[in-house]
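If you want the building blocks of each chain, they are given just below.
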Amino acid sequence: MQKVILKWVWLLILVSTGLVGHAQVTTVRGTVYDESGIEVIGANVKLKDSSTGVITDLDGVFKLDVPDSGKAVLIISFIGYQTQEVALKGRKEVKVTLVEIANELSEVTVVAYGVQKKETLTGAISSVKNEALLRSPNASVANALAGQITGLSSVTTSGQPGAEDPTIYVRGVGSLTEGGSQPLVLVDGVERSFFQMDPNEIESISVLKDASATAVFGVRGANGVVLVTTKRGVEGKAKISLSSSFGLTQPTRLLEMADSYRKAHSFDDYVLERFRLNDEPIMYPNMNWRDYLLKKTSIQTQHNLNISGGTEKVRYFISLGFLYQNGLFRQFEDLDYKSNYTYSRYNYLSNLDLNLTKSTILKLGLGGIVGLTHEPKGAGFGNGSQPFCSPGIIDGKLVVMNPQKYEGVLMNNNVLKGFYDLGYKNKTANTMNMDLSLVQKLDVITKGLSVEIKGAYNTSYSYSKNRTRSQTIRYEPHYQSELEGYQPEADHPLTDDPNYNKNVVYRVLNDYATPFLTFDEETTRGRNWYLEASLRYNRKFGDHNVGGLLLYNQSKKYYPKQYTDVPAAYVGLVGRLTYDYKSRYMAEFNFGYNGSENFAPDKRFGAFPAGSIGYIISEEPFMKKQKVVDYLKLRASIGLVGNDNMNDNRFLYLSDAYLVDQQGNQTAWKGYPHGYNFGYNSTYWTPAALESRLGNRNVTWETALKQNYGIDVHFLKSRLKITADVFFEDRKDILIS
């Protein structure tokens, strides 16, 4: 009996000891690094098979209470890196290095009205990430795309601060006009410009080039589509980023111009000698206008502050940006306003994602741009000026030479006449965009089904203050004896007559010029809204992946360029079916049914189908035996797309258009015959109408039948990647005005 009692006592001691041992908690401390040895902020550290977890702090350090460090396993994860499992084996301190996900094929690419895995894309789509945009500090983001995306070209015709936005084309000029060949640009799925966006706000830019990628845009897809996606917050601790750049801008190439001495080789010897010695710079100027007007370099600086992060239920991204550009023109000290071009830009963006329930997500977006432009007024610089047409500004006077001073040489194209002291223009442009999106998952009906409603509102307003002078007072230099009417006896009085007074005096040419700057104001405005509703389906059945999209959208733009009182509108229906087997064999069908107000009611709507297939040969078992080719995919697509871009010309089907109440006059009868009169000597003109444009009820959108055949191949463990496309386009019914 005593032995039995001792056994029970011993058993209780063992159990209690075990319970005490099980109840012991160990605090494990660790640091998470990336492959470069930099601490990873906001990495998730979780105890396996448990809900216990923490995230790393600003130093990449975490502390986690572990019940049994001998058997515990930590799971460390962070976006863009491979998830790691670390067995503690009794350790109280660990160091973890996360490896970046190198396989870019698992990334998603933004496509029309959605995203797809890059691996399963069958259309001709190229994209660029935020990092590539930041490497090129351009004031206009579109200029940074040159050379980054195949098939996209940008043409910039101005270097003026604030006016550097290029004209972009996808696979060249496809229509008869450059304006009718520009692609459709969407930012977060809404039509709006991205040229003046802060590159720190952009997550990626995708360019859709073939018909399978753009058919869903119907009458607006023939010229390609540019999709811009802004950054959004991700779950994790708040991440603050501050970036600044400072640069100098200068012309890339300047032509060497002839000076007065080389340009005036046919003048007499005395004039040539003055040009060579430059000893009479007022009467015989030798001006290098480029050096006189322009600085060698100008300043450009850009700054951005953004913060992102969030929890499982709330995620945010907030960005503030500032850009300043100074022009290349020098400041004229005698002017009381800036004679240089300057541009200041303020960018702001706030994206907020809210998980209202486990199956409902609300997305809010608010962004905008405020641009301040200062530019000197003027009629332009013409085709250039001779180096001897003016000595420039002398003691606050605009000095110009007599246009007939040199026989056979025209000198009335003085560059300063169209620029100096003619006033300035200050413009403030304000653009604001608002987005709202609600996503509801319908897994209760069937897994992978969801519905989304999206709305957007864009507004813009600009105010310009103009201070203008039609022309400034000009002064013409002369020798004093010349104005006094002195008649020398010598053949060359400037060199041979000691009584010839060479003191320089000025004759006022236009004393009627406005002595003060006039004032006027101008404003512009614009607004538009966009609405879409979609039903989406994505599901995996074993080795089969199936996707579907059915979407309705409509938009309205107020104050268009033509017929500003009548808003411009679009409406459309979109469909898409995707399928792939083992991510090896892929097929996709896209369909767009759109309507355009530019055409008659019976020709307003049209259908635009497209299909594509893909084959990843490298996924075949026989390709796994070789090590030369890491990835090989073949692509093919064909489809029909349209274009109704007529450079803002609208309602082409309406009856003949006329300009009414056109009044002529007697003196300009032959040059401006819009009015009419009765009788040969009558001076009274009756207003008349002028035929403007003939209507055509049969006109419709131009169509483009596009084919695309492509190959993607990777070598040397994907260090060498080659993408090649061959495309054919047959465009007809091209619209001209």
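Throughout this document, residue positions are counted from 1 along each chain, in the order its sequence is written. With the structure being a predicted model, the display of local features is reserved for residues of pLDDT at least 70 and the display and counting of side-chain atom pairs for 80 or more, all residues being used for whole-chain, interface and lining totals. To get the side-chain values, take all heavy atoms of the structure and skip hydrogens and water.

**Q** I would appreciate a short explanation of the sheet that holds strand S2 (residues 44-47) in the present structure.
**A** The pairing of strands in a sheet comes from backbone hydrogen bonds and takes either a parallel or an antiparallel form. With respect to topology, 4 strands assemble into an open sheet ordered S3-S2-S5-S6, the strand pairing being antiparallel. The outermost strands of the open sheet, each flanked by one partner alone, are strand S3 (53-55) and strand S6 (84-87). Each neighbouring strand pair of the sheet contributes to a mean axis angle of 20°, computed without reference to strand direction. Two strands pair if DSSP finds at least two bridges between them. Per the convention used, a helix needs a DSSP run of H or I reaching at least four residues, while a strand needs a run of E reaching at least two, with both numbered from the N terminus. Every axis in this analysis is a line fitted to C-alpha atoms, fitted for helices over the stretch in contact. Angles between the N-to-C directions lie between 0 and 180 degrees.

**Q** Got a minute to help me understand the nonpolar core in this structure?
**A** For soluble globular proteins, the rule of thumb is that nonpolar side chains tend to be buried together. Among the nonpolar cores identified, the biggest contains 30 residues, and Phe275, Tyr284, Leu293, Phe332, Tyr406, Leu416 and Tyr420 are the most heavily contacted of them. Residue assignment for this core shows that the elements contributing at least two residues are helix H5 (269-277) and helix H6 (289-293). Residue contributions to this core peak at 3 residues, all from H5. For Tyr420, the residues in contact, after removing those within four places along its chain, are Phe332, Asp334, Leu335, Ile393, Gly396, Leu398 and Thr472. Each nonpolar core is a collection of buried residues, namely Ala, Val, Leu, Ile, Met, Phe, Trp, Tyr and Cys, held together in the definition by side-chain atoms within 4.5 Å. Only protein chains enter the accessibility calculation, which uses a 1.4 Å probe. A residue is then buried if its area is under 20% of the maximum for its type, exposed if over 50%, and partly exposed in between. Formed by 21 residues, the second largest nonpolar core is a distinct cluster that contains Val187, Phe195, Met197 and Val228. Whether two residues are in contact is decided by their heavy atoms, any of which lying within 4.5 Å being enough.

**Q** Even after reading the chapter, I still don't get a nonpolar patch on the surface, so can you show me in this structure?
**A** A contiguous nonpolar surface patch, about 820 Å² in accessible area, is contributed by Leu535, Leu550, Tyr552, Leu573, Leu577, Phe589, Phe591, Tyr593 and Phe605. When residues of the nonpolar patch are traced back to their parent elements, those giving at least two are strand S29 (544-558), strand S30 (568-581) and strand S31 (585-596). With 3 residues, the top contributor of residues to the nonpolar patch is S31. Assessed through its relative accessible area of 55%, Leu577 is described here as exposed. A patch is a set of surface residues, each over 30% in relative accessible area and not in a salt bridge, joined within 9 Å for like charges and within 5 Å for the nonpolar side chains Val, Leu, Ile, Met, Phe, Trp and Tyr. The protein chains shown are the only cover counted for residues, whose accessible areas, like all others here, come from Shrake-Rupley with a 1.4 Å probe. In the sections that follow, a salt bridge refers to a side-chain nitrogen of Lys or Arg positioned within 4 Å of a carboxyl oxygen of Asp or Glu.

**Q** Just to check I follow, could you spell out the sheet that holds strand S14 (residues 190-191) for this structure?
**A** Here 5 strands make up an open sheet; going across it, the order is S10-S15-S16-S13-S14 and the pairing mixed. Taken across any chain shown, the strands that pair with only one partner, and hence form the sheet edges, are strand S10 (125-129) and S14. Where strand S15 (residues 202-208) lies against strand S16 (residues 225-230), 6 bridges are found, and the strand directions are antiparallel. In the strand pairing of S16, Ile205 is matched with Val228.

**Q** Looking at this model, I keep getting lost on a negative patch on the surface. Mind explaining?
**A** Together, Glu35, Glu100, Glu107, Glu131 and Glu203 line one region of the surface with negative charge. Among the secondary structure elements, Glu100 is positioned in the loop between strand S7 (93-97) and strand S8 (108-111). When its relative accessible area of 46% is taken as the criterion, Glu100 is described as partly exposed. Within this scheme the basic residues Lys and Arg register as positive and the acidic residues Asp and Glu register as negative, but His and the chain ends are omitted. Where a charge lies is defined by one atom per residue type: Lys uses NZ, Arg uses CZ, Asp uses CG and Glu uses CD.

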